[in-house]
Amino acid sequence: MDFNALAELLFPEITKTPQDYEKIYPPRGGDGKVTRFAPSPTGFLHIGGLFAALISKRVAMESGGTFYLRIEDTDKKREIDDGVSEIIKGLEAFGVTPDEGVLGFEKESGNYGPYVQSRRREIYQTYAKELVRKGLAYPCFCGADYMESIKAQQEKEKVRTGYYGKWTRCRDLSLEEVKENIASGKSYVLRLRSPGSEENRISFIDGIKGKIEMPENDMDIVVLKSDGIPTYHFAHAVDDHLMGTTDVIRGDEWISSAPIHLQLFELLGFEAPKYSHISPIMKEDGGGKRKLSKRKDPEAAVTFYHEQGYPTNAVTEYLLTLANSNYEEWRRDNPALPNEDFPFSLDKMSVSGALFDLDKFNDVAKNDVTRYSADEIYDFATSWAEQYNIPLYKKLTDNPSYAKAIFAIERGGEKPRKDIAKWSDIEEYSAYFYDFNPTYENMPEIGKENIYALLTEYKKIYSPADENEAWFAKLKELALSMGYAKNPKEYKKNPDSYKGAVSDFATALRVAVTDRRNTPDLCAIMQVLGEKEALSRIDKAIEWSKK
RNA sequence: GGCCCCUUGGUCAAGUGGUCCAAGACUCCGCCCUCUCACGGCGGCAACACGAGUUCGAAUCUCGUAGGGGUCACCA
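The structure presented is a predicted model; accordingly, all values stated were derived computationally and were not measured.

Scanning chain A from terminus to terminus reveals 24 helices and 15 strands. Taken over the C-alpha trace, chain A has a radius of gyration of 33 Å; the compact-globule value for 547 residues is 24 Å, which it surpasses by more than 25%. With respect to the principal axes defined by its C-alpha atoms, chain A has extents near 110 × 50 × 40 Å. Residue burial in chain A is summarised as follows: out of 547 residues, 51% are buried.

Here is the structure:
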């Protein structure tokens, strides 16, 4: 067989050679690691994708290397319209921005492009042609029907399914036969003539899982589809070689095709990258675990966190705790540092899949929120509300300083509150500052007449300028003078000698002002409300207690 | 089914042959602090999948079993 003739027959229009491309894309120099995120634009960005991208970026950052974004759009059937922009938007929202590659629609940076596979057709074909020339690839005219029939036969015989060994009908077609087939208009794919054998064992060192040993690939896998577009396997080898990727970090569903990839790199004369296969993020499902599914689980889509209003940084922090469990410890020791400063390490990655734990995530988010100032929270919350909660947006922007004052209550300091995990919590958290329609059903059980007396007396001593300590001292003094015990314990000891405890008084006042039993510091709340509003609320409660 | 990966409390996990009658975090519970809640402090429940072997000694090494996951496309 004259492979050169076959190559020319198949790729007459390809005039470049691999050497030409090697010149155009010279090795990158420097010893930083080059990583990439290479999704296909088939849907929203998945949390697992974000996870892989985050890790890839950190690995590059850690070594002073480069992290780039490549779009694998070789399957036009599954592609969706906004796929690319969804991915870019998603990455950007969570701060996983690429240093190089695809930046937006028709927009990219870097010297190793194009970074969109559909624009690299000629490159793939050049390398495919070379493969044919070397006798390592051949056209295959077996259609879907034949593939199905051998699959059925193989299943019947209980042997491995696939195009290999004696099942390869087109492997040894003569040049004449190929010509005839093409002339008669038959479509074909280009297959690898795999030199491998199932008997041989190959192994590689995975950056996360360690040594992995598998049988060598002996399948004549498709390299170019009938439309001349490469399969993932082939595009992966060509692109990651040409783009100088040193470390491929991807989901562990790829482990099983690693032998194909290793073989491809070898046959093409490329140095294989270091592979690190990360386990998928799982979800609890009726006692068992399963991969987070884009279909069934809303929290699988990165947009979920956006819609709920989780701080984007909290998502990153949680993902980092899943990736490197020492992250939490580091965070505790360095509460003020940006998470970029954390020394990320691939070999601390867990080998098994972690369950996504919403409780834990909420805790991470709450802690994250405690680190923001009232102004920052205001900015985050308004931009979230503008998109997802217009009534809240209106409230917040009508009076920014009022809103900021609300967020400032008990913020900062030694004992930060952890009420807010996500911006959508703010509506409920701040409700009584805006709409006040009290039911008073939370009033303490001390009798309306006592509440009446308490509140009327309180008005006389209320001084809006009082700070917490003075404020409470006054309240306590008044309560004691009116026959209340200094604490619940005291009251319980002698319930008959008191009308209640100071805490009942505080609760009555709290309910009068907020209609809730549980709130942050009441003194601060009254200050934020202002003297007029506070007094009017107290009056309202007094009115109620008269009935 | 073949091939491959995985297996420490409910969850995330530390642990690389003795320092482990197994750390820490989340959740839950109790107590303390306390004007409520929260925060914080103290304490509690709760785990090395199972079985053999190697070894003076195993969560840690080996083998087997079981369970979970992945993959077997002209999808990535």
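Okay, the packing of aromatic side chains next. What the rule picks out here adds up to 32 aromatic pairs. Taking the centre distance of 4.0 Å and the plane angle of 20° together, the rings of Tyr232 and Trp254 count as stacked. Here the residue Tyr232 occupies a position in helix α8 (residues 232–242), and Trp254 occupies one in the loop between β10 (247–251) and α9 (258–268), the gap between them amounting to 22 residues. On the basis of relative accessible area, Tyr232 is assigned to the buried category, the value being 17%. For Trp254, a relative accessible area of 24% corresponds to the partly exposed category. Judged by centre distance (6.4 Å) and plane angle (45°), the rings of Tyr372 and Trp423 are tilted. Remark: Trp423 occurs in the loop between α16 (400–408) and α17 (426–429) and Tyr372 occurs in the loop between α13 (358–370) and α14 (374–388); sequence separation between them is 51 residues.

Moving on to the pairing of strand β5 (residues 137–140). Residue alternation in β5 divides its side chains into two sets, Ala137 and Pro139 and Tyr138 and Cys140, and both sets are buried. Pairing of β5 with strand β6 (residues 189–192), which is carried by four bridges, proceeds in the antiparallel orientation. Bridged to Tyr138 within β6 is Arg191.

Each pair of packed helices can be described by the angle between their axes along with the distance between the axes. At a minimum axis separation of 10 Å, helix α5 (residues 121–133) and α8 run at an interaxial angle of 110°. In terms of axis orientation, α5 runs roughly perpendicular to α8. Contact residues: α5 offers Ile123, Tyr124, Tyr127, Ala128 and Leu131, while α8 offers Phe234, Ala235, Val238, Asp239 and Leu242. Of the residues belonging to the contact of α5 with α8, the class tally is nine nonpolar, no polar and one charged.

What counts, and where the lines are drawn
Residues numbered from 1 in each chain as written. Chains lettered and ligands numbered in written order. Predicted model: local features only at pLDDT ≥ 70, side-chain atom pairs only at ≥ 80, totals over all residues. Heavy atoms only, no water. Helix = DSSP H or I, 4+ residues; strand = E, 2+ residues; numbered from the N terminus. Rg over C-alpha atoms; globule rule 2.2 N^0.38 Å. Buried < 20%, exposed > 50% of the residue type's maximum accessible area, 1.4 Å probe, protein only. Phe/Tyr/Trp six-rings, centres within 6.5 Å; stacked < 30°, edge-to-face > 60°. Pairing = 2+ DSSP bridges. Axes fitted to C-alpha atoms, helices over the stretch in contact; angles between N-to-C directions. Parallel < 35°, antiparallel > 145°, perpendicular 65-115°, else oblique. Contact = heavy atoms within 4.5 Å. Nonpolar A, V, L, I, M, F, W, Y, C, P; charged D, E, K, R; others polar.

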